[in-house]
Amino acid sequence: MNEISQPTAQQGGRHGNPLWSSRLAFILAATGSAVGLGNIWKFPYITGEYGGGAFVLVYLLCIALIGVPILIAEVMLGRRGRRSPLHTMATLAREDGCSAHWLLLGGMGMLAGWLILSFYSVIGGWSLAYVGNAVSGQFAGADANQIGTLFGDMLARPATLLGWHSLFMLVVIAIVCRGLKSGMEKAINLLMPLLFLLLLVMVGYAMSTPGFEQATSFLFNPDFSKLTTEAVLTALGHAFFTLSLASGAMMAYGSFLPKEYSVTGTAVTIAIVDTVVALLAGLAIFPLVFSNGLEVAAGPGLIFQTLPLAFGQMPFGILFGSLFFALLLIAAITSAISMLEPAVEWLEERQQGNRLRAALIAGIAVWTLGIVNALSFNLLGDVHPLGFLTAFEGKTIFDLLDYLTANIMLPLGGLLMAVYAGWAMSAQALAQALSLQPGMLFNTLRFVLRFISPVLVLVVFINQLV
Ligand code: TRP
């Protein structure tokens, strides 16, 4: 059986693993986890599919009322437990005198991380492929049709998709098996600001196109008649996805956080940066969609069929295009490592610290499932496992895994984390774990964790069911 007899680790050290070297290092790593394909790839395409403004508004509300409090709870739990999510939950449940079953919450998180990474890696592979396309000048002067064909051809070839998926996973495993060394911290330190800068350049370009006004109105003028219950559930799920919540990633990162840093301030910072990046991505992409008469509801291919058009036409397009996709790739990698980390940490604890082996086992498990996801764009494109249910009509295996994780597992995990922090922990334990004095801020946060966040998640769930 698992040996769960670690001393309470409030004071820091854990099997020789270092803690983050500064508050900034943690913020950057957690931001690196949060800012990823979710912001630049997924947010624009689901916003397009669910009709724009009203969806964006609901998403922002979900971030503020549900995402931020649960992010605070998850990082706090990780810092208290100082172990992998599964062992952390087991240790804390014992300390707090709760049912040992709480460890399942850690387990479900790791499972979600595994499932998500298996399709995330396929899109990470697309980003890799597009770095190649950009560098080799394939976008230069191309029209919407040619760009569409470039994308379609990539999807149609199983071997190509599998190759890029494998390469992406290889990079992720190579980084994770080394541990989060200062090299990683330094790389994130440089690359995240660069990503920001390039996004601003893209928005600048988008502002010069005729579709800019239409795009801002699409993004920021809510039309509630377009808001379906599925859209609300998707907005909720995406709030969890984009903040890397409820899969143990933030718990694992929190487990390296020194005691003296503020969890609340840090969490708010991460959420703000993450949200700004998503909105900027929308402002960079939708003007091009409208200017070129493209389909807003194009689905997962949206950014791969819009941004290359801009790169093909702007001055220094090859340079900017290459940089942009390289940074998209980096954003994907810094997120992917955080998805693999909880499982690796857990395997490592079980195998007395053999990190290389742990990273290989976890990575190969993800890669294997990823094969099915890659093939669901071509060979398995007509396989719709739950197609007999109207809600899942036409959904491929890839679509289903995305739906199951983002719309069901993450909200459920988040709900349980809020319940743990708000109900299973005493007010005193919570205040101590967050280093907050009893007062307005603490009382509001605890109230939100006890009532607002769980109830909102439940309401959305129940609405979806009926
Ligand atoms: N937040 C990342 C993004 O927006 C994805 C991500 C990283 C994630 N770690 C996660 C999603 C854990 C869910 C769970 O791209």
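These remarks concern the structure in this document. (Residues numbered from 1 in each chain as written. Predicted model: local features only at pLDDT ≥ 70, side-chain atom pairs only at ≥ 80, totals over all residues. Heavy atoms only, no water.)

**Examining the overall build of the chain**
Across its full length, the chain carries 18 helices and zero strands. Computed over its C-alpha atoms, the radius of gyration of the chain comes to 21 Å, within 12% of the 23 Å expected for a compact globule of 466 residues. When burial is assessed residue by residue, the chain has 58% of its 466 residues classed as buried. Within the chain, counting contacts between residues at least 6 apart in sequence, those at least 24 apart form 82% of the total. Of the roughly 17700 Å² of accessible surface on the chain, a fraction of 67% belongs to carbon and sulfur atoms. Seen as two clouds, the 20 positive and the 22 negative side-chain charges of the chain have centres 13 Å apart. (Helix = DSSP H or I, 4+ residues; strand = E, 2+ residues; numbered from the N terminus. Rg over C-alpha atoms; globule rule 2.2 N^0.38 Å. Buried < 20%, exposed > 50% of the residue type's maximum accessible area, 1.4 Å probe, protein only. Contact = heavy atoms within 4.5 Å. Areas by Shrake-Rupley, 256 points an atom, 1.4 Å probe, with all protein chains shown as cover. Lys, Arg positive; Asp, Glu negative; His and termini not counted. Charge placed at Lys NZ, Arg CZ, Asp CG, Glu CD.)

**Re helix 5 (residues 103-135)**
An α-helix turns once per 3.6 residues; consequently, residues spaced three or four apart project the same way. Taking 1.5 Å per residue, 33 residues should reach 48 Å; helix 5 reaches 47 Å between its end C-alpha atoms and fits that length. The largest bend along helix 5 reaches roughly 25° and is located at leucine 117. After helix 5 finishes, the residue glycine 137 shows a positive phi value of roughly 70°. (Expected span 1.5 Å × (residues − 1). Bend = angle between axes of the 7 residues up to and from the residue.)

**Notes on empty space enclosed by the protein**
For the structure on display, the rule yields two cavities of 30 Å³ or more. Size it by volume and the largest cavity reaches roughly 140 Å³. If you trace the largest cavity, you find 17 residues lining it, with Ser33, Ile116, Phe241, Ser244 and Met339 closest to the centre. Contributing elements (two or more residues each) for the lining of the largest cavity: helix 1 (23-34), helix 2 (37-49), helix 5, helix 10 (229-242) and helix 14 (317-350). Taken together, the residues of the lining of the largest cavity break down into eight nonpolar, nine polar and no charged. (1 Å grid on protein atoms, 1.4 Å probe; cavity = no way out; pocket = protein on both sides within 12 Å on 5 of 7 lines; lining within 4 Å. Points joined across faces, edges and corners; volume = space filled by probe spheres on them. Nonpolar A, V, L, I, M, F, W, Y, C, P; charged D, E, K, R; others polar.)

**A closer look at unusual backbone geometry**
Backbone geometry places serine 244, a non-glycine residue, at a positive phi of 55°. Inspection of the secondary structure puts serine 244 in the loop between helix 10 and helix 11 (249-254). In this structure, serine 435 is a non-glycine residue whose phi angle is positive, near 50°.

**Observations concerning the packing of aromatic side chains**
Summed over all chains, the structure comprises 28 aromatic pairs. Ring plane angle 90° and centroid distance 5.6 Å describe the contact between phenylalanine 324 and phenylalanine 325, whose orientation is recorded as edge-to-face. Of the two residues examined, phenylalanine 324 and phenylalanine 325, each falls in the buried class. Put simply, the rings of Phe119, Trp126, Tyr130, Phe139, Phe151, Phe304, Phe311, Phe324, Phe325, Phe377 and Phe398 pair up and form one aromatic cluster. When the ring centre of phenylalanine 241 is taken as origin, the NZ or CZ atom of lysine 42, which lies over that ring, is 4.4 Å away. When the ring centre of tryptophan 423 is taken as reference, the NZ or CZ atom of arginine 450 above it lies at 3.8 Å. (Phe/Tyr/Trp six-rings, centres within 6.5 Å; stacked < 30°, edge-to-face > 60°. Lys NZ or Arg CZ within 6 Å of the ring centre and 35° of its normal.)

**Focus: the side chain of serine 33**
Among the structural elements, serine 33 can be located in helix 1. Once residues lying within four places of it in the same chain are set aside, the contact partners of serine 33 are Ser244, Met250, Tyr253, Thr334, Ser335 and Ser338.

**Looking at the pattern of salt bridges**
For the structure shown, the criterion picks out six salt bridges. Notably, a salt bridge pairs glutamate 95 with arginine 80, separated by 3.2 Å at the nearest N-O pair. You can see glutamate 95 sitting in helix 4 (residues 85-95) and its partner arginine 80 sitting in helix 3 (residues 53-81), a full 15 residues away along the chain. On the basis of relative accessible area, glutamate 95 is assigned to the partly exposed category, the value being 35%. Residue classification places arginine 80 among the buried positions, given a relative accessible area of 6%. Ionic pairing is found between arginine 80 and aspartate 96, a salt bridge with its closest N-O pair at 3.0 Å. One end of the pair, arginine 80, is in helix 3; the other, aspartate 96, is in the loop between helix 4 and helix 5, with 16 residues separating them in the sequence. Connected via shared salt-bridge partners are Arg80, Glu95 and Asp96. (Salt bridge = Lys/Arg side-chain N within 4 Å of Asp/Glu carboxyl O.)

Any link to function would need more than the numbers given here.
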